[in-house]
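Residues per chain, in single letters:
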Amino acid sequence: MTYEINETHDINLKSWVESANDPNTDFPIQNLPFCIFYNNEKHEQIHIGVLIGDFVLDLDACYDKDFFDETYKEFLGNKRLWSCLDGLMDFTLEKRFELRKRTQQLLSESFTEKEELENFLHKRADCVFEDNPAVIGDYTDFYASVFHATNVGAMFRPDNPLLPNYKWVPIGYHGRASSIVVSGTEIKRPKGQNRADAEQPPVYIPCKNFDYEMEVGFFVGKGNQMGETIPIENAEEHIFGLCLVNDWSARDIQAWEYQPLGPFLAKNFATTISPFVVTMEALAPFRTNAFVRDEGDPQPLPHLYSEQNQRQGGFDINLEVYLQTKKMREEGEAPFLLSKSNTKDLYWTFAQMLTHHASNGCNLQTGDLMASGTVSGREKNERGCLLELTWRGKEPIELPNGETRRFLEDYDEIIMKGYCEREGFRRIGFGECRGMILPAD
Ligand code: CA
């Protein structure tokens, strides 16, 4: 196993940062996700940080004060790398583990020099998190939930919901890296071609069926040379960590443009990610088996199959999507829970997606982002987008204050959350991925 449960996951570990010991925090000492941040109050330089309770520990400052030895010079000591995590993502698994171990030591309640370290702690609320934790050269979006694919297929092709390639190929498309933004960025309603009336020519208007998609993304750590492939057995060595992804989707534009080459302008105007990268190391206790296929389904082809991946290729991550409308915000009403789903219901594992992506010799690069596709489960309340929840707008959602939604309205805010829980381990979380809709021009 590449990422093992070890002493860094011990439930009894506590931090001198008190808020990290709160059982409900997303960021206990067992998590330590990375971010790129600056403190609005204290400095405007971008630094690498790790989340701990309600704070961010400035790793670059810790390095400057010799809390990390020479081993870490390549990434913490290299000012050029301060603007992104790529240097760190490219590190060997051994070095990544050492860094996790040392950071945990610095933050543990038994650490003796905490007075000095307190200077390098920043309140999360005072920090600005950078758009991209990494320089994302390329972004690929998969379609790995069979429940999502079947539901969407049923709306558009009632007789033939799931196309025959689905159970053989992890379906995906190349998205756009330039429009990936960090949680909190406001999203302008896109305009595009709409052909609601099949008797008339299309019109260029603001999107009418604006939707979100609840997804989980993974960052590529080590890349591969062009022409080389990545065996499934080694796939996870190439994955650095995970974040939440909202693949904003313009359904009316999509319906008109998607044939024959798939999504294009319906998707590439904006994608929101959570700013914290939860590492593969931190997720080790929350691994599960790959999706159990129905009898009669084909097994993956040999290059997408390994015993290890079948046994532990899945992730048990709880996902929640909330909506807060303008009216709710003005009246002080809490966001409304739209759905709950879990990555363990994905038909393909992240390792299979990555191996498939490189199986033709395509070169993946450090910092590339790949997303799962909408994570939907079997049940109605596990549907990860409005297209499914409202069945293409036919079954509007009624909110507690009497408002209804088919799709998103201007000034609606979507808030996504993710967390892992398992008996005998500390709960860890991903933070939030949020975005509010602004009117079209
Ligand atoms: Ca998607």
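Computed from a prediction, not measured in an experiment: that's the story for all the values here. (Residues numbered from 1 in each chain as written. Predicted model: local features only at pLDDT ≥ 70, side-chain atom pairs only at ≥ 80, totals over all residues. Heavy atoms only, no water.)

Enquirer: So what's going on with the overall build of the protein chain? Which residues, and what values?
Expert: A tally of regular secondary structure across the protein chain gives ten helices and 26 strands. Rg of the C-alpha trace for the protein chain: 22 Å, near the compact-globule value of 22 Å for 441 residues, within the 12% margin. Each principal axis of the C-alpha atoms in the protein chain carries an extent, and together these give about 75 × 55 × 40 Å. Here the protein chain, with 441 residues, has 56% of them falling under the buried criterion. Put simply, 74% of the contacts in the protein chain that link residues at least 6 apart link residues at least 24 apart. (Helix = DSSP H or I, 4+ residues; strand = E, 2+ residues; numbered from the N terminus. Rg over C-alpha atoms; globule rule 2.2 N^0.38 Å. Buried < 20%, exposed > 50% of the residue type's maximum accessible area, 1.4 Å probe, protein only. Contact = heavy atoms within 4.5 Å.)

Enquirer: Requested: an account of the pattern of salt bridges, with residues and values cited.
Expert: If you walk through the whole model with that rule in mind, you get 23 salt bridges. Salt-bridge contacts for Arg434 lead to Glu413; the nearest nitrogen and oxygen are separated by 3.1 Å. Remark: Glu413 occurs in strand S25 (residues 413-420) and Arg434 occurs in strand S26 (residues 428-438); sequence separation between them is 21 residues. With a relative accessible area of 11%, Glu413 lands in the buried category. Where salt bridges share partners, they join Asp211, Glu213, Asp247, Arg251 and Lys267 into one cluster. (Salt bridge = Lys/Arg side-chain N within 4 Å of Asp/Glu carboxyl O.)

Enquirer: Could you give an account of the pairing of strand S14 (residues 239-246), naming the residues involved and the relevant values?
Expert: Note on strand geometry: in a regular strand, side chains alternate between the two faces of the sheet. S14 sits mainly inside the fold: eight of its eight residues count as buried. In the sheet, strand S13 (residues 214-220) pairs with S14 via seven bridges, with the strands oriented antiparallel. Of the residues in S14, the one forming a bridge with Gly217 is Cys243. The pairing of S14 with strand S17 (residues 278-279) spans two bridges and is classified as antiparallel. Along S17, the bridge assignment pairs Leu242 with Val278. When S14 meets strand S16 (residues 271-273), the two strands line up antiparallel, connected through two bridges. By the bridge assignment for S16, Val245 is matched with Ile273. (Pairing = 2+ DSSP bridges.)

Enquirer: I'd like to hear about the packing of aromatic side chains, residue by residue, with values.
Expert: In total, this model carries 16 aromatic pairs according to the counting rule given. Each ring, one from Phe34 and one from Phe240, has its centre 5.9 Å from the other, and the planes form 35°; the classification is tilted. With Phe34 in strand S1 (residues 34-39) and Phe240 in strand S14, this pair connects stretches of sequence that are 206 residues apart. Classification of Phe240 as buried rests on a relative accessible area of 1%. (Phe/Tyr/Trp six-rings, centres within 6.5 Å; stacked < 30°, edge-to-face > 60°.)

Enquirer: An account of the nonpolar core is needed here, citing residue identities and associated values.
Expert: In this structure, Tyr212, Leu242, Trp248, Phe350, Leu408 and Ile414 are the most contacted members of the largest nonpolar core, which totals 71 residues. Contributing elements (two or more residues each) for this core: helix H5 (146-156), S13, S14, strand S20 (318-324), helix H9 (350-358), helix H10 (386-389), S25 and S26. In this structure, Leu242 is in contact with Val216, Gly217, Phe218, Phe276, Val277, Val278, Met280, Leu283, Phe315, Ile317, Phe350 and Phe430, ignoring residues within four places of it in sequence. Grouped together as the second largest cluster of nonpolar side chains are 44 residues, Ile52, Leu121, Ile136 and Val245 included. (Core = buried A, V, L, I, M, F, W, Y, C linked by side-chain atoms within 4.5 Å.)

Enquirer: Please give an account of the sheet that holds strand S3 (residues 55-58) that cites residues and values.
Expert: Sheet architecture is open: five strands sit in the order S4-S3-S2-S1-S5, paired in antiparallel fashion. Pairing within the sheet leaves two strands with one partner each, and these edge strands are strand S4 (121-123) and strand S5 (127-129). Direction aside, the axes of adjacent strands within the sheet are offset by 45° on average. Of the strand pairs in this sheet, S3 and S4 are connected by three bridges, and their pairing is antiparallel. From the neighbouring strand, Phe55 faces S4, where its bridge partner is Lys123. (Axes fitted to C-alpha atoms, helices over the stretch in contact; angles between N-to-C directions.)

Enquirer: Which residues make up the domain arrangement of the protein chain, and what values go with them?
Expert: The assigned domain composition of the protein chain is domain 1 (7-129) and domain 2 (139-438). Its C-alpha centre places domain 1 at a distance of 29 Å from the equivalent point of domain 2. Taking both sides of the interface into account, the surface hidden between domain 1 and domain 2 amounts to around 2,300 Å²; carbon and sulfur atoms contribute 61%. Counting the surface domain 1 buries against domain 2, the share from its top three residues, His9, Met89 and Arg96, is 27%. Across the salt bridge formed by Arg427 and Asp26, the nearest N and O atoms sit 2.7 Å from each other. Viewed at the interface, domain 2 and domain 1 are joined by twelve residue pairs in polar contact (both at pLDDT 80 or more). Counting residues per element, the ones that place at least two in the side of domain 1 that touches domain 2 are S1, helix H2 (86-89) and helix H3 (93-107). By residue number, the principal contributor to the side of domain 1 that touches domain 2 is H3, which donates four residues. Residues of the side of domain 1 that touches domain 2, tallied by class, amount to 15 nonpolar, six polar and seven charged. (Domains from an automatic or database assignment. Buried area = accessible area lost by both parts, 1.4 Å probe. Polar contact = N/O pair within 3.5 Å; in protein donor to acceptor, adjacent residues only side chain to side chain. Nonpolar A, V, L, I, M, F, W, Y, C, P; charged D, E, K, R; others polar.)

Enquirer: Tell me what's going on with the coordination of the calcium ion, and back it up with residues and numbers.
Expert: For the calcium ion, the full set of protein donor atoms is Asp141 (OD), Glu213 (OE), Glu215 (OE) and Asp247 (OD), and the range of their distances to it is 2.2 to 2.3 Å. Since its relative accessible area comes to 2%, Asp141 is described here as buried. (Donors = N, O, S within 2.8 Å, 3.2 Å for Na, K, Ca; no water.)

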